[in-house]
Amino acid sequence: AEMLADQVPITVVRPGIVFGPGDRLLLPAFRAVRSMRVHVVPGLQPPPLSYVYVDDLVKLLCNAARSGRRLPAERQRHNGDGYYFACAPEHPNYSEFGRMLREAVGRRFAPIVHLPEPLPTLFASLQEVAARVTGTTQPLNRDKIREALVQSWACSGAAAARDIGFHPTKPLAERVRTTAQWYIDHGWL
């Protein structure tokens, strides 16, 4: 993107984990808590994560296109102008997110189960083998486990708030409840 900044005005938006009605990426986590009454977390110390509700992301994209800063035209290092993280101000780790899921799908009891290494990597490897044998794709693989075991995925939305007035309109837990209700209403849960 930086190579084209002197030719085309560019603003970069980097979203956290996008979720909301119709999302299939986090659906298995919602299903596990609702149906199996368990939330499995890779590793013993899950990192803080950045999430963004799809409607909030769309709002941020529109604001950024309309009034966001642009990448500098010079091909040199710059101070971050033109880059925005799209995320809620809360940064729950995957265990805390599991508690939100539990409340959202109406389960008082759904234990959070931490799988220490190497169990998550072994399970992901088996999923990859099964996918190759069956010719299907699996959302869980070793790359996803490596990503899940880093120290942090928390991002700051301060630049988006400062430059384009972006603030999610509802707390993350409420957005998780809205998503769960959509899944229930549409027979996905």
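Residues numbered from 1 in each chain as written. Predicted model: local features only at pLDDT ≥ 70, side-chain atom pairs only at ≥ 80, totals over all residues. Heavy atoms only, no water.

Chemist: Just give me the short version of the overall build of the protein, but keep the residues and values in it.
Modeler: Counting secondary structure elements, the protein contains seven helices and six strands. When each of the 189 residues of the protein is scored for burial, the buried share is 36%. As displayed, the protein offers around 11,000 Å² of accessible surface, 57% of which is attributable to carbon and sulfur atoms. Seen as two clouds, the 23 positive and the 17 negative side-chain charges of the protein have centres 5 Å apart. (Helix = DSSP H or I, 4+ residues; strand = E, 2+ residues; numbered from the N terminus. Buried < 20%, exposed > 50% of the residue type's maximum accessible area, 1.4 Å probe, protein only. Areas by Shrake-Rupley, 256 points an atom, 1.4 Å probe, with all protein chains shown as cover. Lys, Arg positive; Asp, Glu negative; His and termini not counted. Charge placed at Lys NZ, Arg CZ, Asp CG, Glu CD.)

Chemist: I'd like a rundown of the nonpolar core, residues and numbers included.
Modeler: One finds Phe 19, Phe 30, Tyr 51, Phe 97, Leu 101 and Val 176 to be the most contacted residues of the largest nonpolar core, which totals 21 residues. Broken down by secondary-structure element, the contributors of at least two residues to this core are helix H1 (27–36), strand S4 (51–53), helix H3 (94–104) and helix H7 (172–185). In contact with Phe 97, other than residues within four places in its own chain, are Leu 26, Tyr 51, Pro 92 and Val 176. Of all hydrophobic cores here, the second largest spans 11 residues; its members include Val 52, Tyr 84, Ala 86 and Ala 160. (Core = buried A, V, L, I, M, F, W, Y, C linked by side-chain atoms within 4.5 Å. Contact = heavy atoms within 4.5 Å.)

Chemist: Before we move on, can you summarise a nonpolar patch on the surface with the specific residues and values?
Modeler: On the surface, Leu 119, Leu 122 and Leu 126 cluster together into a nonpolar patch covering about 290 Å² of accessible area. Relative to the elements of secondary structure, Leu 119 occurs in helix H4 (residues 119–134). According to the relative accessible area criterion, Leu 119 is partly exposed, its value standing at 43%. (Patch = residues over 30% accessible without salt bridge, like charges linked within 9 Å, V, L, I, M, F, W, Y side chains within 5 Å. Salt bridge = Lys/Arg side-chain N within 4 Å of Asp/Glu carboxyl O.)

Chemist: Quick one: what's the story with the environment of Gly 187, residue by residue and with numbers?
Modeler: Mapping Gly 187 onto the fold places it in the segment after H7. Residues Gly 187 and Ser 35, spaced 152 residues apart in sequence, show a C-alpha to C-alpha distance of 13 Å.

Chemist: Summarise the side chain of Asp 56; cite the residues concerned and give the values.
Modeler: Looking at where Asp 56 falls in the secondary structure, it is placed in helix H2 (residues 54–67). Given a relative accessible area of 5%, Asp 56 falls into the buried group. In contact with Asp 56, not counting residues within four places along its chain, are Phe 166, Pro 168, Thr 169 and Arg 175.

Chemist: An account of the confidence of the model for the protein is needed here, citing residue identities and associated values.
Modeler: Detailed reading of predicted coordinates is not advised where the pLDDT is low. Of all residues in the protein, 93% have pLDDT values of 70 or greater, and the mean over the chain is 91. The spread of mean pLDDT over the elements of the protein runs between helix H5 (residues 142–148), the lowest at 88, and H7, the highest at 98. (pLDDT = per-residue confidence, 0-100.)

Chemist: Before we move on, can you summarise the side chain of Asp 23 with the specific residues and values?
Modeler: Within the element layout of this structure, Asp 23 appears in the loop between strand S2 (17–19) and H1. There is no salt bridge for the buried Asp 23, and the closest opposite charge comes from Arg 24, which lies 8.2 Å off by N-O distance. In this structure the side chain of Asp 23 is engaged in a polar contact, spanning 3.1 Å, whose partner is the backbone nitrogen of Leu 26. (Polar contact = N/O pair within 3.5 Å; in protein donor to acceptor, adjacent residues only side chain to side chain.)

Chemist: How would you summarise the environment of Glu 90 if you had to cite specific residues and measurements?
Modeler: Mapped onto the elements of the fold, Glu 90 is located in the loop between strand S5 (83–86) and H3. Linking Glu 90 and Leu 49, residues 41 residues apart in sequence, is a C-alpha distance of 8.5 Å. Not counting chain neighbours up to four residues away, the residues in contact with Glu 90 comprise Leu 49, Pro 171 and Leu 172. Among the polar contacts listed, one links the side chain of Glu 90 to the backbone nitrogen of Leu 172, at a separation of 3.1 Å.

Chemist: Requested: an account of the pattern of salt bridges, with residues and values cited.
Modeler: For the structure shown, the criterion picks out 10 salt bridges. Across the salt bridge formed by Arg 69 and Asp 81, the nearest N and O atoms sit 2.9 Å from each other. Of this pair, Arg 69 sits in the loop between H2 and S5 while Asp 81 sits in the loop between H2 and S5; the two residues are 12 residues apart in sequence, bridging distant segments of the chain. A relative accessible area of 38% places Arg 69 in the partly exposed class. Note that Glu 147 is salt-bridged to Lys 144, the shortest N-O span being 3.9 Å. With Glu 147 and Lys 144 both in helix H5 and three residues apart, the pair spans about one turn of that helix. Glu 147 gets classed as partly exposed once you look at its relative accessible area, which sits at 38%. Put simply, Arg 69, Asp 81, Arg 162 and Asp 163 are held in one network by salt bridges that share partners.

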